[in-house]
Amino acid sequence: MIGKSKIFAALEPLLKKSGADEAEAVFVGSNSGLTRYANSIIHQNVAENNSRVYFRVVLGKKIGVASTNTFEKPDLSRALNAALEIARHQLELPHFNGLPEKQKYPKLTSYYKATAAFGPKERAAVLKKIFEKAAKQNLQAYGSLKTGEGELAVLNTNGIRAYQPTTTASINLITMSDDSSGYSEGLAQNVKRLDFDELAETSIEKCLTARHPKEVPPGKYEVVLEPVAVGNLFEWLSFVSFGSVAFQEKSSCLAGKIGQQVFGPNVTIYDDATDSTALPFPFDFEGTAKKKVTMVDKGIAKGVVYDSLTAAKEGKKSTGHALTPDASAQGAVPMHIGMKGGSATLAKMVKNVGKGLLVTRFHYLNGFLDPPQATMTGMTRDGVFLIENGQIKHGVKNLRFTESMVKAFSNVVELSREKKLVNTWWDAVGGIHVPALRIREFTFSGKTDF
């Protein structure tokens with residue numbers, strides 16, 4: 001951790017002397033530790049301390065971007081000059097209206113000392129207890145436990161001066177027998193909020209219940225998707241349905257349908273980075289304050305998120321969802337996506353199923369099959385169960401699904417009251433906060449032998 005004062009002291013003078021019409025610096029720093037385990041043995045400990053500084057400069061309506069992962073003054077100057085040289089050779093962006101102006105940010109807590117101090121010894125102590133619980137059931141544990149701290153700073157010549165430290169703790173836990181597996185995961189900014197005992201018991205119980213799985217034929221089933229499975233779907237929907245570029249290129253399922261009923265009336269989807277029960281963060285990678293955006297309200301399409309470039313194309317203002325400068329071609333993406341919960345418990349949702357499947361999670365998803373219909377395919381993993389007359393009967397061998405999320409979200413029967421934070425690849429700066437769903441009909445297109 002370099003700290004706000006040193007970051008600002010190093011970068012502000014460079015921006016002022018850049019010679020560009022406008023200039024921006026984005027500092028992303030992290031100090032993280034990762035413990036991987038397999039066969040109930042820790043086999044790898046990784047510690048990474050890294051930072052990257054992005055420079056974005058503006059010459060008229062031309063933009064250049066370059067970056068460096070050192071914080072030495074000569075390297076920073078070289079990266080800034082490279083951005084200037086790139087800008088000179090770019091085509092003009094006619095819709096570009098300038099970098100964001102100075103603004104205020106909400107005060108949000110995203111840094112916890114307990115997480116920052118949670119090192120390899122503490123991670124090993126947690127895993128030792130998990131291994132002991134698994135051993136009592138003759139199971140093996142697999143997965144990873146990660147903790148770390150980070151800092152993001154954004155400065156520009158228009159007065160943006162944003163800084164926020166953050167911490168993250170996450171675990172994924174698979175327990176395995178000879179013919180079954182179970183899964184659980186946890187994500188929080190404060191490691192004290194992770195109940196490792198409960199996560200271990202959940203994974204173990206799933207693994208034991210899934211023993212001796214039976215094959216069921218592909219077809220249409222009523223399903224209960226646990227929050228992790230729902231989050232796996234939203235990891236794709238964030239990009240293919242609710243991002244600004246997908247919307248403007250008309251590949252989003254919301255394109256051309258604003259104001260129309262696209263999902264069931266019990267489905268409300270939003271992005272809210274100020275939600276203190278999720279992973280709060282006050283600004284995006286342009287230094288624009290985060291705004292709550294409702295993409296779908298009671299099934300009716302309302303809009304998508306924007307950064308400054310894609311907002312300018314439609315004469316709108318940024319909603320505070322820019323990615324890092326090198327990824328700006330992807331437009332804005334919701335990174336604190338959430339879904340309004342219902343009133344049911346997960347147990348009640350299972351009890352209400354006549355015949356169907358309970359799905360723990362998906363993996364190996366592909367969301368590019370038919371983006372306007374948000375059609376995806378993927379596999380179930382680590383716990384899929386047959387439900388008959390409201391009771392879980394037995395584990396089921398994994399299935400492949402192929403389904404339109406437009407259709408699935410139009411057939412949601414129940415949503416759970418409890419919501420869960422789901423791990424994503426961007427969990428250092430955001431996450432997915434969703435309930436479990438009971439869906440009337442969900443298509444499974446293939447089967448496996450395991």
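Residues numbered from 1 in each chain as written. Predicted model: local features only at pLDDT ≥ 70, side-chain atom pairs only at ≥ 80, totals over all residues. Heavy atoms only, no water.

Some thoughts on the overall build of the chain
When helices and strands are counted, the chain shows 10 helices and 17 strands. Taken over the C-alpha trace, the chain has a radius of gyration of 23 Å; the compact-globule value for 450 residues is 22 Å, and the two agree within 12%. Taken along its principal axes, the extent of the C-alpha atoms in the chain is 70 × 55 × 35 Å. The 450 residues of the chain split such that 57% are buried. A total accessible area of about 19,400 Å² is found for the chain, and carbon and sulfur atoms account for 50% of it. A distance of 3 Å separates the average location of the 56 positive side-chain charges in the chain from that of its 45 negative side-chain charges. (Helix = DSSP H or I, 4+ residues; strand = E, 2+ residues; numbered from the N terminus. Rg over C-alpha atoms; globule rule 2.2 N^0.38 Å. Buried < 20%, exposed > 50% of the residue type's maximum accessible area, 1.4 Å probe, protein only. Areas by Shrake-Rupley, 256 points an atom, 1.4 Å probe, with all protein chains shown as cover. Lys, Arg positive; Asp, Glu negative; His and termini not counted. Charge placed at Lys NZ, Arg CZ, Asp CG, Glu CD.)

So, the packing of aromatic side chains
On inspection of all chains with the given rule, the structure shows 15 aromatic pairs. Relative to Trp 426, the ring of Phe 239 has its centre 6.1 Å away and its plane inclined at 65°; by these criteria the two rings are edge-to-face. Separated by 187 residues along the polypeptide, Phe 239 in helix H6 (residues 227-240) and Trp 426 in the loop between strand E16 (412-422) and strand E17 (432-447) bring together distant segments of the chain. Note on Phe 239: relative accessible area 27%, which makes it partly exposed. Under the relative-accessibility criterion, Trp 426 is labelled buried at 3%. Centroid distance Phe 362 to Phe 401: 4.5 Å. Interplanar angle 45°. Geometry classified as tilted. Of this pair, Phe 362 sits in strand E12 (residues 355-370) while Phe 401 sits in strand E15 (residues 399-404), and the two are 39 residues apart along the sequence. Residue classification places Phe 362 among the buried residues on the basis of a relative accessible area of 3%. An aromatic cluster of three or more residues is present, and its members are Tyr 221, Phe 362, Phe 401, Phe 442 and Phe 444. (Phe/Tyr/Trp six-rings, centres within 6.5 Å; stacked < 30°, edge-to-face > 60°.)

Concerning the packing of helix H4 (residues 120-136) against helix H5 (residues 196-209)
Contact pair H4 / H5: the axes reach a minimum separation of 10 Å and the direction vectors enclose 30°. Between H4 and H5, the angle falls in the class roughly parallel. For the pair H4 and H5, the crossing hand works out as right-handed. Between H4 and H5, the contacting residues are Val 126, Ile 130, Lys 133 and Ala 134 on the first element and Phe 196, Asp 197, Ala 200, Glu 201 and Ile 204 on the second. Class assignment for the residues of the contact of H4 with H5 results in six nonpolar, no polar and three charged. (Axes fitted to C-alpha atoms, helices over the stretch in contact; angles between N-to-C directions. Parallel < 35°, antiparallel > 145°, perpendicular 65-115°, else oblique. Left-handed = near helix turned anticlockwise from the far one by under 90°. Contact = heavy atoms within 4.5 Å. Nonpolar A, V, L, I, M, F, W, Y, C, P; charged D, E, K, R; others polar.)

Focus on unusual backbone geometry
In the Ramachandran plot, Asn 39 falls in the positive-phi region, its phi being about 50° despite a non-glycine side chain. Assignment of secondary structure puts Asn 39 in the loop between strand E1 (22-38) and strand E2 (41-59). The backbone of Ser 40 sits at a positive phi, close to 55°, despite the residue not being glycine. Among the structural elements, Ser 40 can be located in the loop between E1 and E2. Residue class for Ser 40 comes out buried when judged on its relative accessible area of 17%.

Section: the pattern of salt bridges
Applying the stated rule across the entire model yields 15 salt bridges. Between Glu 85 and Arg 88 there is a salt bridge, with its nearest N and O atoms 2.9 Å apart. Pair noted here: Glu 85 and Arg 88 are both in helix H2 (residues 73-88), with a separation of three residues, about one helical turn. Connected via shared salt-bridge partners are Glu 24, Arg 56 and Glu 286. (Salt bridge = Lys/Arg side-chain N within 4 Å of Asp/Glu carboxyl O.)

Topic: the nonpolar core
Where a protein is soluble and globular, its nonpolar side chains tend to be buried together. Within the largest apolar cluster, 62 residues are counted, with the highest numbers of intra-cluster contacts made by Leu 225, Phe 234, Leu 254, Ile 269 and Phe 442. In terms of residue count, the dominant contributor to this core is H6 (seven residues). Setting aside its immediate chain neighbours within four residues, Phe 234 contacts Phe 242, Ile 269, Ile 337, Met 339, Phe 409, Ile 432 and Val 434. By size, the runner-up hydrophobic cluster in this structure holds 22 residues, among which are Leu 11, Ala 23, Leu 76 and Leu 80. (Core = buried A, V, L, I, M, F, W, Y, C linked by side-chain atoms within 4.5 Å.)

What to know about the pairing of strand E5 (residues 161-176)
For E5, the buried fraction is high: 12 of the 16 residues fall into the buried class. Relative to E5, strand E4 (residues 140-156) is paired through 16 bridges, and the arrangement is antiparallel. If you follow Lys 146 over to E5, its bridge partner there is Ser 170. Relative to strand E6 (residues 181-188), E5 runs antiparallel, the two sharing eight bridges. By the bridge assignment for E6, Leu 173 is matched with Ser 184. (Pairing = 2+ DSSP bridges.)

Topic: H4
The first and last C-alpha atoms of H4 sit 24 Å apart over 17 residues, in line with the 24 Å expected at 1.5 Å per residue. Along H4, the residues that are buried comprise Arg 123, Val 126, Leu 127, Ile 130, Phe 131 and Ala 134. Projected onto a plane normal to the axis of H4, the buried residues spread over an arc of 140° and lie on a single side. H4 presents Lys 121, Lys 128, Lys 129, Ala 135 and Lys 136 as exposed residues on the side facing more than 90 degrees away from its buried surface. At its buried positions, H4 is contacted by E1, E2, E4, E5 and H5. (Expected span 1.5 Å × (residues − 1). Arc of directions from axis to C-beta.)

Let's talk about the side chain of Ser 18
If you trace the backbone, Ser 18 turns up in the loop between helix H1 (4-16) and E1. Here Ser 18 falls in the buried class, since its relative accessible area comes to 12%. A distance of 3.0 Å separates the side chain of Ser 18 from the backbone oxygen of Leu 15, its partner in a polar contact. The residues touching Ser 18, leaving out its near neighbours within four places in the chain, are Ala 23, Leu 80 and Leu 84. (Polar contact = N/O pair within 3.5 Å; in protein donor to acceptor, adjacent residues only side chain to side chain.)

Things to note about the sheet that holds strand E3 (residues 62-68)
Across the sheet, which stays open at both edges, the six strands sit in the order E3-E2-E1-E4-E5-E6 with antiparallel pairing between neighbours. The open sheet terminates on both sides in strands that have one partner only, identified here as E3 and E6. Looking at each pair of strands side by side, their axes are set apart by 15° on average, direction ignored. As judged from the seven bridges shared by E2 and E3, these two strands associate in the antiparallel manner. Counterpart to Leu 59 in the pairing with E3 is Lys 62. This element, H5, spans E4, E5 and E6 of the sheet and lies at about 155° to E6.

Any functional reading would require information that these geometric values do not contain.
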